[in-house]
Amino acid sequence: MIEGRSGGGQIYFGDWTAKGVRFQSALTSHRILKYLADEEIVTELTNSKALIEQNIGDPVDIFCYPNARYPSGKSELYSKCGYRLGVKIDNEFLTPNTDRYHIFGTGLGSSAT
């Protein structure tokens, strides 16, 4: 279980993980990376990864940029933190030259089923 951010209650993920859902990172505080120093980025990424892995027990190797805002030129930093992919929400096509830390993704609202 992990403490819920909005309601202060606990969230149980066992039912979801038993059905094959993998939880990944959106950072600990959901701060926007492009406004943070490298040291703060490392703290956000490593703390979020550790929190999810310790509480859910699954490996975390993908993160999503909070609020779809991201800095460029930080791929080596993300890799050193143990991430394999970074997902952004931009309407761009994937090409052979796409940075693996800037993969296009889509968001689901809280009413998605």
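Residues numbered from 1 in each chain as written. Predicted model: local features only at pLDDT ≥ 70, side-chain atom pairs only at ≥ 80, totals over all residues. Heavy atoms only, no water.

A. Focus on unusual backbone geometry. Despite not being glycine, H30 has its phi angle at roughly 65°, a positive value. Relative to the assigned elements, H30 resides in the loop between α1 (14-18) and α2 (38-56). H30 gets classed as partly exposed once you look at its relative accessible area, which sits at 29%. (Helix = DSSP H or I, 4+ residues; strand = E, 2+ residues; numbered from the N terminus. Buried < 20%, exposed > 50% of the residue type's maximum accessible area, 1.4 Å probe, protein only.)

B. Examining the packing of aromatic side chains more closely. A complete count under the given rule lists 4 aromatic pairs for this structure. Between F63 and Y65, the aromatic rings sit 4.9 Å apart at their centres with planes inclined by 70°, giving edge-to-face as the arrangement. Here F63 matches Y65 in class, with each residue buried. Look at Y65 and Y78: their rings are 5.9 Å apart centre to centre, the planes differ by 70°, and that puts the pair in the edge-to-face class. One end of the pair, Y65, is in the loop between β3 (62-64) and α3 (75-80); the other, Y78, is in helix α3, with 13 residues separating them in the sequence. The exposure class assigned to Y65 is buried, which follows from its relative accessible area of 2%. Judged by relative accessible area, Y78 falls into the buried class, the value being 0%. (Phe/Tyr/Trp six-rings, centres within 6.5 Å; stacked < 30°, edge-to-face > 60°.)

These figures capture arrangement, not role.
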